[in-house]
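# Structure at a glance
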Amino acid sequence: MKREHEDAGRMGGDDPMAMGPEIAKGKMVPVMRTGDEMECGVDELLAALGYKVRASDMADVAQKLAQLEVAMSSDDASHLPQLAADTVHYDPSDLYAWLDSMLSELNAPPCAQLLPPTATASRGNGHSSTAAKPSAAAPPRASALHDFKPVVSAASVGRVVCDTEQQSEKILSPRDPKRMRTCSSSSSSSSAKEVASSLKSATEALPVVVVDTQETGVRLVHALLASAEAVQQENLKAADALLKQISMLAASQSGPMRKVAGYFAEALARRIYRHSPLPQADRVALDLLHSHFYESAPYLKFAHFTANQAILEAFTSFRQVHVIDFGLKQGMQWPALLQALALRPGGPPSFRLTGIGPPQPDNSDALQEVGWKLSMLAESIGIDFHFRGFVASSLADLEPQMLLEPEGKRRDRDGVEEAVAVNSVMELHQLLARPGAMEKVLGTVRALRPRIVTVVEEEANHNGRTFLERFTEALHYYSSMFDSLENGGDSGADGELEEQQRHRAMADAYLGRQICNVVASEGTDRTERHETLGRWRGRMAQAGFEPVHLGSNAFKQASMLLALYAGGDGFRVEEAEGCLTLGWHTRPLIATSAWRVGPAADFAL
Amino acid sequence: MMMLLLPHREEEEEGGAAGRRRFPINDNADLLAEVLGRLDGRSLAVAGCVCRLWSAVGRREAVWEAVCHRHVAVGRAGAAGGTRSVVAALGGYRRLYRLCIGPALDRLAGVRRQGPAVSSAARHVSLSLALSLFSIDCYERLGGVGGRQQQPPASLLFLCKPVDVS
């Protein structure tokens, strides 16, 4: 976008070039002077944005930009609509040559110029090796601009980039190029009035900070992606400079976009400066954040209800049942299952729960407390309840014989073995940080011969090979997530219960920690290795499991639960080959699947 | 007793000709309970403000049980006796209505007003869902061991209407 180039021109003017206030009109006022960045060759800040400007030409570029500004602002309004973008521009990234051509054409009779918003296309192409999605997004956007050339160029001549996409939301949720194109067509009509407003702002001599949140939203996303790419290319200085830009842009945003940008910027800063990763918050604090996340968004409730339904169906007609929970935390999943078992036709079974949790730093036995509370509840509703807690720092430390009773599975009076269910809510992805751990755990699960294995995982690909891939995916995922937290709660922020706001703030912090882990950590520290449902399916199939379809009961219950949430129509429960996913608008965010041991005796370990 | 009955019978005999019978409802608490059990939750709560008798009858678990069953879709024909004991253990039908069913019905009514976007499958509250939410709330209220500081139960906050605290 044109404004961005000129900004970049200014930012790239880190050599002691005085960019006077008259140039800054309509732009962000603070000028970046980032010390001696004169390197022979291409200026690196501009290069990060896709422009090749020789450092030695920088002074010329700045001067020409000033001339261009003067020339344009002196034109009267009648000329501007006629400046159709007709000339051919061969290399949009060559800012110097473009400025030359613009100036010569303006001084000559006005003829059409092709706009460097196509530079976004070049940037997109330049990034084609990495994240596929932004580059897929950029070319259609550029072509959309081509389609509406006359109006667009007029607007840009007026020094306001007609951001024809209105994309700040669209980038974040569906990455559908088609949708972007239709968006741009609808907004071209608004460009006319933008031209008028831009003229006004251009003629003012005072620096005006135009806060156009949609446009700054798009710029913010671009800046984040550019910074991430700079980090990937080990260009830490450029990344740092972009971070400053990001924080300025983020200040102009509101709501979920601001929070997302804030967390990602912080995570990038940690990565750039190699701060130590977030200190391992003590388990009490982590549990607190987790329980607030439970309360402020439907994702965990959805996970628990659908998994419980699968377990309930697998346990029909068994008189002895055993559930192994890979991450007990506060045990919020089990009261509902206990209640459902108490009310099932035929009466409740004898219920054993094995809960696994991480070691506690202060020697308190959190698992036993949870077990005690659950047993109180079970006793009051008449269920024979047994509990065992296991402390394990990693699931890979578990052996099958540890989890079953010392004498193996219990048998009821008819000699039927107890039914075992293994439940994992967002625990398995952490095993991917250590090679071999996942295979061992799946082998352990298989050795338990469970009736059903319920797996709930985030539906995202945060385990890509390159950093930029992971960053882009995470940006999209957490933007949708924060959006849903903001808008999926009670309508309207005003009049919100103070408690709900507190829950929301804690839920934000919970997600912020995940973001920090995905972006700033590497190796075994990076435990938030989310993967998509397709990959989990493949992994489970390879380990010898076959899928169990979650029935329509689970779907109905999940839909009813979501209907109770005030912003309910944003949430979508979908069924995909027997698995249920919950998403925000068209983006699935969490997926529940159920498995049982397949008949094949041999499988690849 | 007989003295009390005679006037009734005389009244009936007299009124029989006129075709009108007067029957003070407050004389028969069970009949009152039957009637109140056919109200919706809000009206029942209002009825409890009429007089002490109505307040007492309106608090009966049987009355609220009837109200609950009237307003939720009972998924499968579960053992009614079993349900009663479980619900009693979790806190009772009146509490179940107040905490789960009532707010859920209000929320769904609000959603319905907004438009037909909600799928029909999701438009009613099922007893099993209400009981699941109720059991979670009950679990949250259980005290911790050793009097550790307990957070206020919040799993049902999502059902609360926003209150203007300005």
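Here the structure is a predicted model, which means the values were calculated and not measured.

Rules of the game
- Residues numbered from 1 in each chain as written.
- Chains lettered and ligands numbered in written order.
- Predicted model: local features only at pLDDT ≥ 70, side-chain atom pairs only at ≥ 80, totals over all residues.
- Heavy atoms only, no water.
- Helix = DSSP H or I, 4+ residues; strand = E, 2+ residues; numbered from the N terminus.
- Contact = heavy atoms within 4.5 Å.
- Areas by Shrake-Rupley, 256 points an atom, 1.4 Å probe, with all protein chains shown as cover.
- Buried < 20%, exposed > 50% of the residue type's maximum accessible area, 1.4 Å probe, protein only.
- Pairing = 2+ DSSP bridges.
- Right-handed = clockwise from strand over helix to strand, strands pointing away.
- Expected span 1.5 Å × (residues − 1).
- Core = buried A, V, L, I, M, F, W, Y, C linked by side-chain atoms within 4.5 Å.
- UniProt positions renumbered as here; feature names shortened; annotations may be inferred.
- Salt bridge = Lys/Arg side-chain N within 4 Å of Asp/Glu carboxyl O.
- Phe/Tyr/Trp six-rings, centres within 6.5 Å; stacked < 30°, edge-to-face > 60°.
- Lys NZ or Arg CZ within 6 Å of the ring centre and 35° of its normal.
- Axes fitted to C-alpha atoms, helices over the stretch in contact; angles between N-to-C directions.
- Left-handed = near helix turned anticlockwise from the far one by under 90°.
- Nonpolar A, V, L, I, M, F, W, Y, C, P; charged D, E, K, R; others polar.
- pLDDT = per-residue confidence, 0-100.

## Description of the overall build of chain B
- Counting its regular elements, chain B contains eight helices and zero strands.
- Going from the N terminus to the C terminus, chain B shows its helices and strands as α-α-α-α-α-α-α-α.
- Taking as baseline every contact in chain B between residues at least 6 positions apart, the subset at least 24 positions apart corresponds to 61%.
- Working note: accessible area of chain B is about 9900 Å², and carbon and sulfur atoms make up 56% of it.

## Points about the overall build of chain A
- For chain A, the count of helices and strands is 22 helices and nine strands.
- When burial is assessed residue by residue, chain A has 60% of its 605 residues classed as buried.
- The contacts of chain A with a sequence gap of at least 6 include a subset with a gap of at least 24, amounting to 78%.
- Carbon and sulfur atoms make up 54% of the accessible area of chain A, which totals about 23700 Å².

## What about the pairing of strand S4 (residues 419-425) of chain A?
Residue and element names in this part refer to chain A.
- Most of S4 is tucked away: seven of the seven residues are buried.
- A two-sided burial pattern is seen for S4, the buried positions comprising Ala419, Ala421, Asn423 and Val425 on one face and Val420, Val422 and Ser424 on the other.
- Pairing between strand S1 (residues 320-325) and S4: five bridges, direction parallel. Paired with His322 across the two strands is Val420, which belongs to S4.
- With five bridges joining them, S4 and strand S5 (residues 452-458) adopt parallel strand pairing. Its bridge partner being in S5, Asn423 is matched across the sheet by Thr454.
- The parallel pair S4 and S5 is bridged by helix H18 (residues 437-447), and the resulting crossover is right-handed.

## Remarks on unusual backbone geometry
All names here are of chain A.
- Its identity is not glycine, yet Arg449 carries a phi of approximately 50°, on the positive side.
- Turning to its location among the elements, Arg449 is positioned in the loop between H18 and S5.
- Residue classification places Arg449 among the exposed positions, given a relative accessible area of 52%.
- Phi is positive for Glu577, which is not a glycine, with a value near 50°.
- With respect to the helices, strands and loops of the structure, Glu577 is situated in the loop between strand S7 (571-576) and strand S8 (579-584).
- A residue is classified by how much of its surface remains accessible, and Glu577, at 59% relative accessible area, is exposed.

## Considering helix H8 (residues 127-141) of chain B
- Taking 1.5 Å of rise per residue, 15 residues should cover 21 Å, and H8 of chain B covers 21 Å from first to last C-alpha, within 8% of that figure.
- Taken across its 15 residues, H8 of chain B has 13 buried, putting it largely inside the fold.

## Considering the nonpolar core
- Judged by nonpolar contacts, the single largest core of 142 residues is most densely connected at Phe264, Tyr299, Phe351 and Phe471 of chain A together with Leu96 of chain B.
- Residues in contact with Tyr299 of chain A, not counting those within four places in the same chain, are Phe293, Met481, Ser484, Phe571, Leu582, Trp584, Leu589 and Ile590 of chain A.
- Within the second largest apolar cluster, 28 residues are counted, among which are Ile324, Leu403, Leu431 and Met438 of chain A.

## Digging into the UniProt feature "domain: F-box" (unreviewed entry) in chain B
- Sites flagged by UniProt as "domain: F-box" (unreviewed entry) map to residues 30-69 of chain B.
- End-to-end, the C-alpha atoms of residues 30-69 of chain B are 18 Å apart, and along that stretch the chain is 75% helix and 0% strand.

## Some points on the pattern of salt bridges
- Scanning the model with the defined rule gives 19 salt bridges over all chains in all.
- Of the charged contacts in the structure, one is a salt bridge between Glu546 of chain A and Arg596 of chain A, with a shortest N-O distance of 2.9 Å. Linking Glu546 of chain A in strand S6 (residues 545-548) with Arg596 of chain A in strand S9 (residues 587-597), this pair joins segments that are 50 residues apart in sequence.
- The class of Arg596 of chain A is partly exposed, set by a relative accessible area of 37%.
- Across the pair Arg38 of chain B and Glu34 of chain B runs a salt bridge, and its minimum N-O distance is 2.9 Å.

## Some details on the packing of aromatic side chains
Residue and element names in this part refer to chain A.
- Evaluated as defined, the whole model comprises twelve aromatic pairs over all chains.
- Look at Phe467 and Phe471: their rings are 5.9 Å apart centre to centre, the planes differ by 45°, and that puts the pair in the tilted class. Of this pair, Phe467 and Phe471 both sit in helix H19 (residues 467-487), four residues apart, roughly one helical turn.
- Overall, Phe467 belongs to the buried group, its relative accessible area being 7%.
- A relative accessible area of 1% places Phe471 in the buried class.
- One aromatic cluster is present, built from ring pairs that chain together Phe293, Tyr299, Tyr510, Tyr565, Phe571 and Trp584.
- Above the ring of Trp536, the side-chain terminus of Arg539 is found at 5.2 Å from the ring centroid.

## What to know about the packing of helix H12 (residues 256-273) of chain A against H19 of chain A
All names here are of chain A.
- Where H12 meets H19, the axes come as close as 9 Å, and the angle between the chain directions of the two elements is 150°. The hand of the H12/H19 crossing is right-handed. Across the interface between the two elements, Pro256, Lys259, Val260, Tyr263, Phe264, Leu268 and Arg271 of H12 pack against Phe467, Phe471, Ala474, Leu475, Tyr478, Ser479, Phe482, Asp483 and Glu486 of H19.
- Taken together, the residues of the contact of H12 with H19 sort by class into eleven nonpolar, one polar and four charged.

## A few points about the confidence of the model for chain A
Residue and element names in this part refer to chain A.
- Scored by pLDDT, chain A has a mean of 73; 66% of the residues are at 70 or more.
- When the elements of chain A are averaged for pLDDT, helix H7 (residues 149-157) gives the smallest value, 36, and S5 the largest, 94.
- Contacts from residues 491-495, a stretch scored under 50 in pLDDT, to residues over four places away or in other chains number five contacts.

## Section: helix H22 (residues 552-563) of chain A
- The end-to-end C-alpha distance of H22 of chain A, which contains twelve residues, comes to 16 Å, matching closely the 16 Å that a straight helix rising 1.5 Å per residue would cover.
- Among the residues of H22 of chain A, Ala554, Gln557, Ala558, Ser559, Met560, Leu561, Leu562 and Ala563 of chain A are the ones counted as buried.

## So, the environment of Cys516 of chain A
Residue and element names in this part refer to chain A.
- Inspection of the secondary structure puts Cys516 in helix H20 (residues 498-520).
- A relative accessible area of 6% means that Cys516 is categorised as buried.
- Taking the C-alpha atoms as reference points, Cys516 and Ala267, 249 residues apart in sequence, are found 4.8 Å from one another.

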